[in-house]
Amino acid sequence: MSRRCVRFVVIGCLAAAVGWAAADPPGTGVLGVQNGGRQLLRDCKPWVPRGLSFFGRLVPSKRQADPSTGAARERYGATAIELARAIGADVMRLQIGQPFLDPQSPEYDKDYLGEVKDAVAQARRAGFSVILSLQWEGRTGVKPVEMLPKASALRAWTTVAPHFASDLGIAFELFNEPASPPDPGPGIWEAWRAGHQMLIDALRKSGVRNLLIADGLRGAQRLDGAPPLNDPIGQLAYAVHPYFGSEDNSPAGWDRRFGRFAASHPVIVTEWGHAARHCERGNADTAEQLLGYLAERRIGVIGYGVDEVHSRLVRWQGDKPVWSSYKNRPCHGAAAGPGELLQAWFDKQAREAARAAAVAPAACERPVR
């Protein structure tokens, strides 16, 4: 069996023998969940994600955007690739605008999907895996039509997913930050379950085998209380955004909100940053403590805020990105931030990933329904 065949056994070389899919995705960076477990995989090796989130392609190019989103749009492209490489990322998370992808939305833009495809292709050519995150919130500049996944999200994914289904290096984050009260009850969790299950069922029925990601409630702050979701091919992960709050700033709080859930489910921090407003609820020491907590549990992190106008992750010295730091700086300071912490965390995870052995090929396979 060739080296290429071993690399892509998840979707190729055993197809005739065992009845799995035969499509061969371009490049590397294939994402998945190990069969029968909670271990995330990248190219059939244990994976702790490390990445950056970008919103530079959230709004169509011909549409007016708020100043921060507009600036991010201008800087996306080679700059985004440079930043992801500089911090040691292996995945780029791209937010895409739900109202511009739903054909029944008054804001639908038939040319926007092409812009998304170009952004994904650029990231994939650079060797990054990609997470597409469906964004409905205010940064789109459009009044939300749903705050949990419903019909509009389904129509958007029906538009998007077929164009990326042949590349298993692309994951679909089904609905960014589902909204809820601080303490969602069973009824809201059931609505969360029904909406996500609808999307999973529709995508799997259409033959999509990409890794899917479901955000928790309260803006992805909580996974405690989440009812089961069923993915017939077992390629489902969950997302949390552990921005510091009054009950989300200590190991005990993280245990309650998502840590215990992560003991039996694959979980990714698909968005985290530390803005000045978070300093009241968790300082630089808390940020370092969170990253240690996540490392112990092998929960990957995708940093957020690198493309903000006044980023707390990076500043520029000429053409050179310089990561923010808390060293000898007050937490609230304009130059302070978790950039150096994330870079060091990513570096450690990259070294560990380089030493990790691939799992058995059978653990990487995924069926065709």
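For every chain, the first residue of its written sequence is number 1, and the numbers climb from 1 along that sequence. Where local features are concerned, this predicted model is filtered to residues with pLDDT of at least 70; where side-chain atom pairs are given and counted, the filter is 80 or more; whole-chain, interface and lining totals use all residues. Hydrogens are left out, water is left out, and the side-chain values use all remaining heavy atoms of the structure.

Q: Would you take a moment to explain the overall build of the protein for this structure?
A: The helix count covers DSSP runs of H or I at least four residues long, the strand count covers runs of E at least two residues long, and both are numbered beginning at the N terminus. Counting its regular elements, the protein contains eleven helices and 13 strands. Relative to the compact-globule value of 21 Å for 369 residues, the protein shows a C-alpha radius of gyration of 19 Å, a close match. Counting only C-alpha atoms, the protein reaches 60 × 50 × 45 Å along its principal axes. Counting all 369 residues of the protein, 56% fall into the buried class. Two residues form a contact once any of their heavy atoms are found within 4.5 Å. A fraction of 74% describes how many contacts in the protein between residues 6 or more apart in sequence connect residues 24 or more apart. Charge convention: Lys and Arg are scored as positive, Asp and Glu as negative, and His as well as the terminal groups of each chain are ignored. Note on charges: their place is set at NZ of Lys, CZ of Arg, CG of Asp or CD of Glu. The distance from the centre of the 45 positive side-chain charges to the centre of the 38 negative ones in the protein is 4 Å. It is over C-alpha atoms that the radius of gyration is taken, and the globule rule equals 2.2 Å times the number of residues to the power 0.38. A 1.4 Å probe rolled over the protein chains alone gives each residue an accessible area, and that area as a share of the maximum for its type sets the label: buried under 20%, exposed over 50%, partly exposed in between.

Q: Hey, could you run me through the pattern of salt bridges in this one?
A: When the charged atoms of two side chains with opposite charge come close together, those side chains can pair. By salt bridge we mean one thing: a side-chain nitrogen of Lys or Arg within 4 Å of a carboxyl oxygen of Asp or Glu. Enumeration according to the criterion identifies 22 salt bridges in this entry. Note that Glu-296 is salt-bridged to Arg-297, the shortest N-O span being 3.3 Å. You can call Glu-296 exposed: its relative accessible area is 65%. Among the residues examined, Arg-297 registers a relative accessible area of 28% and is labelled partly exposed. Beyond isolated ion pairs, a larger network of salt bridges with shared partners links Asp-183, Arg-218, Arg-222, Asp-224, Glu-247, Asp-248 and Arg-257.

Q: Looking at this structure, how should I read the environment of Asp-118?
A: Mapped onto the elements, Asp-118 comes out in helix α5 (residues 112–125). Between the C-alpha atom of Asp-118 and that of Gly-77, which follows or precedes it by 41 residues, the distance is 9.6 Å.

Q: Looking at this model, I keep getting lost on empty space enclosed by the protein. Mind explaining?
A: By rolling a water-sized probe across the atoms, one finds the places where empty space is left. Here a cavity denotes grid points, spaced 1 Å and computed from the protein atoms alone, that fit a 1.4 Å probe unable to get out, and a pocket denotes an open set having protein on both sides within 12 Å along at least 5 of 7 lines; residues with an atom within 4 Å of a point are the lining. Grid points are joined across faces, edges and corners, and a volume is the space filled by probe spheres set on the points. Enumeration according to the criterion identifies two cavities of 30 Å³ or more in this entry. One number sums up the size of the second largest cavity: a volume of about 60 Å³. Taken together, Phe-54, Ala-72, Arg-75, Tyr-76, Thr-79, Ala-80, Leu-83, Val-306, Asp-307 and Trp-316 form the lining of the second largest cavity. Counting residues per element, the ones that place at least two in the lining of the second largest cavity are α3 (67–75) and α4 (78–87). Per-element accounting of the lining of the second largest cavity gives the leading share, three residues, to α4. Polar here means any residue other than Ala, Val, Leu, Ile, Met, Phe, Trp, Tyr, Cys and Pro, which are nonpolar, and Asp, Glu, Lys and Arg, which are charged; Gly is therefore polar. For the lining of the second largest cavity, the class distribution of residues is seven nonpolar, one polar and two charged.

Q: So what exactly am I meant to see when it comes to the packing of aromatic side chains here?
A: Geometrically, a pair of aromatic rings is defined through the distance of the ring centres and the angle of the planes. Any pair of Phe, Tyr and Trp rings, taking the six-membered ring for Trp, is counted once the centres come within 6.5 Å. Such a pair is stacked with planes under 30 degrees apart, edge-to-face with planes over 60 apart, and tilted for the rest. Per the counting criterion, the structure on display carries twelve aromatic pairs. Taking the centre distance of 5.7 Å and the plane angle of 80° together, the rings of Phe-100 and Tyr-112 count as edge-to-face. Pair noted here: Phe-100 is in the loop between β5 (91–97) and α5 and Tyr-112 is in helix α5, with a separation of twelve residues, a long-range link. The pair Phe-100 / Tyr-112 is uniform in exposure class, with both members buried. When the ring of Phe-258 is compared with that of Tyr-293, the centres are 6.0 Å apart and the planes differ by 85°; the resulting orientation is edge-to-face. With Phe-258 in helix α9 (residues 251–262) and Tyr-293 in helix α10 (residues 284–296), this pair connects stretches of sequence that are 35 residues apart.

Q: I keep staring at the confidence of the model for the protein and nothing clicks. Help me out?
A: Close inspection of predicted coordinates is inappropriate for parts of the model with low pLDDT. Counting all residues, the mean pLDDT for the protein is 90, and 92% of those residues have values of 70 or more. In predicted models, pLDDT denotes the confidence assigned by the predictor to each residue on a 0 to 100 scale. Low confidence marks residues 1–27, where pLDDT is under 50. Its contacts with residues over four positions away, or in another chain, come to 49 contacts.

Q: Before we go on, may I ask you to explain the nonpolar core in this structure?
A: In summary, soluble globular proteins display a tendency toward joint burial of nonpolar side chains. By size, the foremost hydrophobic cluster in this structure holds 87 residues, and its most contacted members are Met-92, Leu-132 and Phe-172. Judged by nonpolar contacts, the second largest core, of 13 residues, contains Leu-31, Trp-47, Ala-171 and Ala-239. In this text, buried Ala, Val, Leu, Ile, Met, Phe, Trp, Tyr and Cys residues form a nonpolar core when linked through side-chain atoms within 4.5 Å.

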